[in-house]
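Residue strings, one per chain:
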Amino acid sequence: EFNSMIASVEKYGGFYIGRYETGNLKEAEAVVVKNNSDINNQTWYTMYNKSKGVAVNSNVTTSMIWGCQWDATLRWMYNSGNAEKKKYTYDSTGKGNYSGTNGNKPIATGSVEEYAVNNIYNMAGNVWDWTIEADNTGYRVVRGGGYDSFASSYPSSYCGGNSPSYSLSRRGSRVALYM
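Residues numbered from 1 in each chain as written. Predicted model: local features only at pLDDT ≥ 70, side-chain atom pairs only at ≥ 80, totals over all residues. Heavy atoms only, no water.

Q: Residue-level account of the nonpolar core, with values.
A: Counting residues in hydrophobic clusters, the biggest one holds 14 residues, and the most contacted among them are Met47, Met64 and Trp130. Contributing elements (two or more residues each) for this core: α2 (44-52), β5 (128-136) and β9 (175-178). Considering each element in turn, this core owes the most residues, three residues, to β5. Residues Ile65, Leu74, Val117 and Met123 belong to the second largest nonpolar core, which totals 13 residues. (Core = buried A, V, L, I, M, F, W, Y, C linked by side-chain atoms within 4.5 Å. Buried < 20%, exposed > 50% of the residue type's maximum accessible area, 1.4 Å probe, protein only. Helix = DSSP H or I, 4+ residues; strand = E, 2+ residues; numbered from the N terminus.)

Put into structure tokens, the structure is as follows:
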């Protein structure tokens, strides 16, 4: 799967990530749409499988985002020119739904314009996003901080690990798309 993604990135010059966190998680098919609040409380296994079904045709492959894709997206944000975007990668204060901003609960993805960087929402705060990346033999990596964490300690670039069977309400994911 990783080799296919790399081959596609090399052939087409890049990849896309979902503008919003993956939603409709209680339904059979997940979606990536603005203002969806069904974006959390999922194990890594559930998110991995739901991410596969987001593609709308056979020309596009969707998957849970890889850690290297998360990092590439942050590099793109950092290098896009302004100081606010650079800061977002290492201190996401004011740019995400963190502890103390919304009663310590998730918000509908994409619902706050200030939380977007380069038209991508909620890579900081809201729900921790599972990635395909492994932390060690028993853990998977989560990125971006959550609604119960602090922006200065858990910016968009932060990565931590959890058991893939862990499904506290603050776990969701983001899809990556490639040809």
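Q: Lay out the pattern of salt bridges with the relevant residues and their values.
A: Scanning the entire structure with this criterion turns up nine salt bridges. The salt bridge partner of Lys87 is Asp91, with a shortest N-O separation of 3.9 Å. Residue Arg174 pairs with Asp129 through a salt bridge whose shortest N-O separation is 3.6 Å. Highlighted residues: Arg174 in the loop between β8 (171-173) and β9 and Asp129 in strand β5, separated in sequence by 45 residues. Asp129 carries the same exposure label as Arg174, and that label is buried. When salt bridges that share partners are traced, they join Asp71, Glu133 and Arg143 into one network. (Salt bridge = Lys/Arg side-chain N within 4 Å of Asp/Glu carboxyl O.)

Q: Help me get a handle on the environment of Asn136, residues and values and all.
A: Looking at the element boundaries, Asn136 is found in strand β5. Residue classification places Asn136 among the partly exposed residues on the basis of a relative accessible area of 42%. Each C-alpha atom of the pair Asn136 and Ser4 lies 23 Å from the other, and the pair is 132 residues apart in sequence. Polar side-chain contacts of Asn136 include one of 2.7 Å to the backbone nitrogen of Gly138. Of the polar contacts made by the side chain of Asn136, one reaches the backbone nitrogen of Tyr139; its length is 3.1 Å. (Polar contact = N/O pair within 3.5 Å; in protein donor to acceptor, adjacent residues only side chain to side chain.)

Q: Hey, could you go over the side chain of Thr73 for me, with residue numbers and the actual values?
A: Among the structural elements, Thr73 can be located in helix α3 (residues 67-78). Non-local contacts of Thr73, meaning those with residues more than four positions away in its chain, are made with Phe15, Ile17, Ile120 and Met123. (Contact = heavy atoms within 4.5 Å.)

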